[in-house]
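Close look at the chain arrangement
Here is how the chains run, residue by residue.
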Amino acid sequence: MASPYPARLQHFAVEVSDTDRSIAFYRQVLGFKLTERHAAHDHPDIPVELSFLRLGETHHDLVLVHNPAKTYRPKPIRPEDDTDGPPMFHHYALECASRDDWQAMLERVRAAGVPIVRGPVLHSFADPRGDGSWGENEAVYILDPDGHRIEIFCDLATIDPDGTHRNASGARVAGTRTEEL
Ligand SMILES: [Fe+2]
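Quick notes on the rules
Residues numbered from 1 in each chain as written. Predicted model: local features only at pLDDT ≥ 70, side-chain atom pairs only at ≥ 80, totals over all residues. Pairing = 2+ DSSP bridges. Helix = DSSP H or I, 4+ residues; strand = E, 2+ residues; numbered from the N terminus. Axes fitted to C-alpha atoms, helices over the stretch in contact; angles between N-to-C directions. Contact = placed C-beta atoms within 7 Å. Buried ≥ 20, exposed ≤ 12 C-beta atoms within 10 Å, placed from the backbone. Arc of directions from axis to C-beta.

1. Things to note about the pairing of strand S3 (residues 49-54)
Here strand S2 (residues 33-38) pairs with S3 via five bridges, running antiparallel. Counterpart to histidine 38 in the pairing with S3 is leucine 50. The pairing of S3 with strand S4 (residues 62-66) spans five bridges and is classified as antiparallel. Opposite leucine 53, over in S4, you have leucine 62 as the bridge partner.

2. Focus on the sheet that holds strand S8 (residues 149-154)
The four strands lie next to each other as S5-S8-S7-S6, forming an open sheet whose pairing is mixed. A strand with exactly one partner marks an edge of an open sheet, and here the two such strands are strand S5 (92-95) and strand S6 (116-123). With direction set aside, neighbouring strand axes in the sheet form an average angle of 20 degrees. Sheet strands touched by helix H2 (residues 99-112): S6, strand S7 (137-143) and S8. Its angle to S8, the strand with the most contacts, is close to 145 degrees.

3. Examining helix H1 (residues 19-28)
Taken together, the buried positions of H1 are Ser22, Phe25 and Tyr26. In a view along the axis of H1, the buried residues occupy a sector of 90 degrees, so they form one face of it. Set apart from the buried face of H1 by more than 90 degrees, the exposed residues are Asp20, Ala24 and Gln28. Elements in contact with the buried residues of H1: S3 and S4.

4. Things to note about unusual backbone geometry
Here the amide bond leading from glycine 119 into proline 120 is cis, since omega sits at 5 degrees, within 30 degrees of zero. Backbone geometry at histidine 41 places phi at a positive 75 degrees, although glycine is not the residue there. Here histidine 41 shows up in the loop between S2 and S3.

5. Here's the deal with the sheet that holds S4
Spatial ordering of the open sheet is given by S1-S4-S3-S2, a layout of four strands whose pairing is mixed. One side of each edge strand has no neighbouring strand; the edge strands of this open sheet are strand S1 (12-15) and S2. Shown here is a sheet whose adjacent strand axes are inclined to one another by a mean of 20 degrees, direction ignored. Each of S2, S3 and S4 is contacted by H1, which is oriented at about 160 degrees to S4, the strand it contacts most.

Right under this line is the structure:
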């Protein structure tokens, strides 16, 4: 039956102060491919630079937006230090297909000298290795060249119809529940 709701959250569009620098970062560190890139005013209704990047076969997972008319100022390293201004996004997340892939990604990030601002951490109040926080996944947080916080994660739990979490191995996690049932 047709659903009246979207199926999933998909691409994310983020402002960047230097398109070349950000494309290089997303390609070299995170493995994105550039699908297409447009200068400001390439389309009469679009006065900003737009770059579409993808991780897999979907046309784009990420859009880099640069407004040549805007004076960009630095972003605080910690989102909680941004105490004045319009609501901003806190972070966005990229999922690795497996823990091995996540570990390889972590090594890659370290080798590239990219700032790690949190983690690695296991978000879990149920797993004995967990940090007691919520989410049920393993993660590390890095910054892109503009200070945008990116979570790189693996093994995010799923939720059964009764609200019980199921971990990445498929096992139901006793004592877990969702807030909305
Ligand atoms: Fe997150």
